[in-house]
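Listed below are the residues making up each chain.
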Amino acid sequence: MSRLDVYEDLVRHCVEQRSMTHSQVSDYIKLQYGETRGCSEASVRQFCRTHDIKSGSKLRASNDQLTAAVSSAIEQVRCNCGRILQLP
């Protein structure tokens, strides 16, 4: 068990939602919670790797979601240029 296991939700929030770097997360935990061991930048990086925590991962859209969003936007702003765009 890693010292960072206690802070999993915090690390996940800082990295995924606030896009903080591993160094920033390490410094934050050290300053706010007084941890001095097991919270280095390398430890945070390894913790994120083993727990599949990635920066901005909550914001990424699948190809299907992207296709739907683009199709919707095209429908909203379609110009009347004499051509009709055929969507799949």
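Nothing here was measured: the structure is a model prediction, and the numbers come from that model.

A. Structural detail: the overall build of the protein chain. Along its length, the protein chain carries four helices and zero strands. When its helices and strands are written in sequence order, the protein chain yields α-α-α-α. The buried share among the 88 residues of the protein chain stands at 20%. Once local pairs closer than 6 in sequence are excluded, the contacts in the protein chain between residues at least 24 apart make up 53%. In the form shown here, the protein chain has an accessible surface area of approximately 6,700 Å², with 48% of it arising from carbon and sulfur atoms.

B. Here's a closer look at the packing of helix 2 (residues 22–33) against helix 3 (residues 41–50). Remark: helix 2 packs on helix 3, axes separated minimally by 8 Å, with the N-to-C direction vectors making an angle of 115°. The pairing of helix 2 with helix 3 is recorded here as roughly perpendicular in orientation. Helix-helix and strand crossings are classified by hand; for helix 2 and helix 3 the assignment is right-handed. Facing H22, S23, V25 and S26 of helix 2, the residues of helix 3 in contact are E41, V44, R45 and C48. A class-by-class count of the residues in the contact of helix 2 with helix 3 yields three nonpolar, three polar and two charged.

C. Summary view of the packing of aromatic side chains. Under the criterion given, the structure shown has two aromatic pairs. Seen from their ring centres, Y7 and Y33 are 5.1 Å apart, and the 50° between their planes marks the pair as tilted. Of this pair, Y7 sits in the segment before helix 1 (8–17) while Y33 sits in helix 2, placing them 26 residues apart in sequence. A relative accessible area of 43% means that Y33 is categorised as partly exposed. With a centroid separation of 6.5 Å and 75° between ring planes, the pair formed by Y28 and Y33 is classed as edge-to-face. Within the aromatic cluster, the residues linked to one another by ring pairs are Y7, Y28 and Y33.

D. Focus on the nonpolar core. Residues L4, V11, V25 and I29 are the most contacted members of the largest nonpolar core, which totals 14 residues. Elements represented by at least two residues in this core include exactly helix 1, helix 2 and helix 3. Ranked by residue count, the leading element in this core is helix 1, at four residues. Those residues in contact with V25, other than ones at most four positions away along the chain, are V11, C14, V15, M20 and V44.

How each quantity is defined
Residues numbered from 1 in each chain as written. Predicted model: local features only at pLDDT ≥ 70, side-chain atom pairs only at ≥ 80, totals over all residues. Heavy atoms only, no water. Helix = DSSP H or I, 4+ residues; strand = E, 2+ residues; numbered from the N terminus. Buried < 20%, exposed > 50% of the residue type's maximum accessible area, 1.4 Å probe, protein only. Contact = heavy atoms within 4.5 Å. Areas by Shrake-Rupley, 256 points an atom, 1.4 Å probe, with all protein chains shown as cover. Axes fitted to C-alpha atoms, helices over the stretch in contact; angles between N-to-C directions. Parallel < 35°, antiparallel > 145°, perpendicular 65-115°, else oblique. Left-handed = near helix turned anticlockwise from the far one by under 90°. Nonpolar A, V, L, I, M, F, W, Y, C, P; charged D, E, K, R; others polar. Phe/Tyr/Trp six-rings, centres within 6.5 Å; stacked < 30°, edge-to-face > 60°. Core = buried A, V, L, I, M, F, W, Y, C linked by side-chain atoms within 4.5 Å.

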